Amino acid sequence: MAISNKKNPFVSGVGTARYAWIHPDRPDTAFNADGEYKLQLILDPKAAQRIMSVIDSVVADAFPGEDKSKLSIPVDTEEETGNVILKMKSKFPPKYTDASGAPIVGSNIPNVWGGSTLQAYGNVKAYEVNKQQRGISLQLNTVQVIALVEGGKPDGFEAVEGYTAPAEAEDMSNEIEVVAAQSSKKPVAAIIDDAINF
């Protein structure tokens, strides 16, 4: 049976990013040299009900009567919490909006890290390459940034006794002056010029 190309739009529900490789300038190239944009979003079971109903409907239409466990479904469940993990991706960089729905474009697009609170929009698509490669994909289209976590200095650490990073390299001109004064009768400025223009 041919798989329908019908679009099946989804709204993920609000969740927490676990893996966010979605900045337009930073696709994931680990398994695809052309790059892919990927997002894993953790939702509590109640928040996931809406998208799970869309997924179940698409699976039922595309693979009627088949064992769902034998299909590739990009959804995991955490055993301890029951939380649902959605795995979305796209060949194209997603669009961005802020919490109010206003577009975020250009240099204003943030570098989203795990821990950010997001909502995603896209399409559920069924596919069948062969009998072993069949299932659905969650095609990412738009990311709504509700609470942003960006990269930077880790929070929560207190100072303790131990290793201290060396200071950044200082201006070497003073050392050049000292060495020059001790080893040559040339004017210091001339020796510095010689060192720079060798």
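Being a predicted model, the structure only gives us computed values, none of them experimental.

Peer 1: Break down the overall build of the protein for me, citing the residues and quoting the values.
Peer 2: Looking only at helices and strands, one finds three helices and nine strands in the protein. Along the protein, from the amino end to the carboxyl end, the secondary structure elements read β-β-β-α-β-β-β-β-β-β-α-α. Buried positions account for 33% of the 198 residues belonging to the protein. Partitioning the intrachain contacts of the protein with sequence separation of at least 6 by distance along the chain shows that 69% fall at a separation of at least 24. Roughly 13400 Å² of accessible area belongs to the protein as shown, and the carbon and sulfur atoms make up 53% of that amount.

Peer 1: Account for the packing of aromatic side chains, with residues named and values stated.
Peer 2: Per the counting criterion, the structure on display carries one aromatic pair. Between the aromatic rings of Tyr19 and Trp21, the centroid separation amounts to 6.0 Å while the plane-to-plane angle is 25 degrees, which identifies the pairing as stacked. Note on Trp21: relative accessible area 29%, which makes it partly exposed. One residue, Arg26, lies across the ring of Trp21, its end atom 4.7 Å from the ring centre.

Peer 1: So what's going on with the confidence of the model for the protein? Residues and values would help.
Peer 2: Across the protein, pLDDT averages 83, with 75% of residues at or above 70. For residues 152-156, every residue scores under 50 in pLDDT, and the model assigns this stretch zero contacts once sequence neighbours within four places are set aside. Segment residues 170-184 is flagged for pLDDT under 50; beyond a separation of four residues in sequence, or across chains, it makes five contacts in the model.

Peer 1: Give me the lowdown on the side chain of Gln119, citing residues and values where you can.
Peer 2: Here Gln119 lies in strand β8 (residues 117-128). There is a polar contact of 3.3 Å between the side chain of Gln119 and the side chain of Tyr121. Apart from the residues lying within four places of it in its own chain, the contact partners of Gln119 are Val11, Ser12, Gly13, Val14, Thr142, Val143, Gln144 and Ile146.

Peer 1: Quick one: what's the story with the side chain of Thr142, residue by residue and with numbers?
Peer 2: Relative to the helices and strands, Thr142 is located in strand β9 (residues 134-147). For Thr142, the side chain forms a polar contact with the side chain of Asn141, separated by 2.6 Å.

Peer 1: Describe in detail the pattern of salt bridges, supporting the description with residues and values.
Peer 2: Enumeration according to the criterion identifies eight salt bridges in this entry. Across the pair Lys38 and Asp28 runs a salt bridge, and its minimum N-O distance is 3.6 Å. One end of the pair, Lys38, is in strand β3 (residues 37-43); the other, Asp28, is in the loop between β2 (15-21) and β3, and 10 residues separate them in sequence. Here Lys38 matches Asp28 in class, with each residue buried. Measuring nitrogen to oxygen at the nearest pair gives 3.9 Å for the salt bridge that ties Glu36 to Lys89. Within this pair, whereas Glu36 is found in the loop between β2 and β3, its partner Lys89 is found in strand β5 (residues 84-90), the two being separated by 53 residues in sequence. The class for Lys89 is partly exposed, based on a relative accessible area of 42%. Salt bridges here are not isolated pairs; linked through shared partners, they connect Asp28, Glu36, Lys38 and Lys89.

Peer 1: Which residues make up the environment of Val11, and what are the values?
Peer 2: Following the sequence through the fold, Val11 ends up in strand β1 (residues 9-11). Linking Val11 and Asn123, residues 112 residues apart in sequence, is a C-alpha distance of 8.7 Å.

Peer 1: Report on the nonpolar core, specifying residues and quantitative values.
Peer 2: Counting 33 residues, the largest nonpolar core has Leu39, Ile55, Met88, Ile136 and Leu138 as its most contacted members. Secondary-structure elements contributing two or more residues to this core are β2, β3, α1 (45-62), β5, β8 and β9. The element contributing the most residues to this core is α1, with six residues. Apart from residues no more than four positions distant in its own chain, Leu138 is found in contact with Phe10, Ile55, Pro74, Val75, Leu86, Lys87, Met88, Lys89, Asn123 and Val124.

The rules we used
Residues numbered from 1 in each chain as written. Predicted model: local features only at pLDDT ≥ 70, side-chain atom pairs only at ≥ 80, totals over all residues. Heavy atoms only, no water. Helix = DSSP H or I, 4+ residues; strand = E, 2+ residues; numbered from the N terminus. Buried < 20%, exposed > 50% of the residue type's maximum accessible area, 1.4 Å probe, protein only. Contact = heavy atoms within 4.5 Å. Areas by Shrake-Rupley, 256 points an atom, 1.4 Å probe, with all protein chains shown as cover. Phe/Tyr/Trp six-rings, centres within 6.5 Å; stacked < 30°, edge-to-face > 60°. Lys NZ or Arg CZ within 6 Å of the ring centre and 35° of its normal. pLDDT = per-residue confidence, 0-100. Polar contact = N/O pair within 3.5 Å; in protein donor to acceptor, adjacent residues only side chain to side chain. Salt bridge = Lys/Arg side-chain N within 4 Å of Asp/Glu carboxyl O. Core = buried A, V, L, I, M, F, W, Y, C linked by side-chain atoms within 4.5 Å.

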